[in-house]
Amino acid sequence: MIMGKQAPKLKAGDEIRILSPSRSLSIVSEENRLIARHKLEALGISVLIWEERM
């Protein structure tokens, strides 16, 4: 367990970036990715998903 500062909670107006190697995001269906994105955006969180293509 790491002791010390904890990152602040996400709040409306924050942005998260999801970085993915070429294969790991492929195990999550496009439909589930869209559901997750819509739920986060409904909370006011900006979502950027970046996939590296090799």
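Here the structure is a predicted model, which is why all the values come from computation and not from measurement.

S.K.: Please give an account of the overall build of the protein chain that cites residues and values.
M.R.: Of the regular secondary structure elements, the protein chain holds one helix and two strands. Across the protein chain, helices and strands are ordered from the amino to the carboxyl terminus as β-α-β. Residue burial in the protein chain is summarised as follows: out of 54 residues, 13% are buried. Considering only contacts within the protein chain whose residues lie at least 6 apart along the sequence, 78% involve residues at least 24 apart. Surface accessibility of the protein chain: about 5100 Å² in total, with carbon and sulfur atoms responsible for 59%.

S.K.: Can you lay out the side chain of Asp-14 for me, pointing to particular residues and giving the numbers?
M.R.: Residue position: Asp-14 is located in the segment before β1 (15-20). Take Asp-14: its relative accessible area is 19%, and that puts it in the buried class. Within the structure, Asp-14 has its side chain in polar contact with the backbone nitrogen of Lys-11 (distance 2.9 Å). Look past the residues within four positions of Asp-14 in its chain and what remains in contact with it is Lys-9, Gly-44, Ile-45 and Ser-46.

Rules and cut-offs
- Residues numbered from 1 in each chain as written.
- Predicted model: local features only at pLDDT ≥ 70, side-chain atom pairs only at ≥ 80, totals over all residues.
- Heavy atoms only, no water.
- Helix = DSSP H or I, 4+ residues; strand = E, 2+ residues; numbered from the N terminus.
- Buried < 20%, exposed > 50% of the residue type's maximum accessible area, 1.4 Å probe, protein only.
- Contact = heavy atoms within 4.5 Å.
- Areas by Shrake-Rupley, 256 points an atom, 1.4 Å probe, with all protein chains shown as cover.
- Polar contact = N/O pair within 3.5 Å; in protein donor to acceptor, adjacent residues only side chain to side chain.

Note that every value here comes from positions in space, so none of it alone points to a role or purpose.
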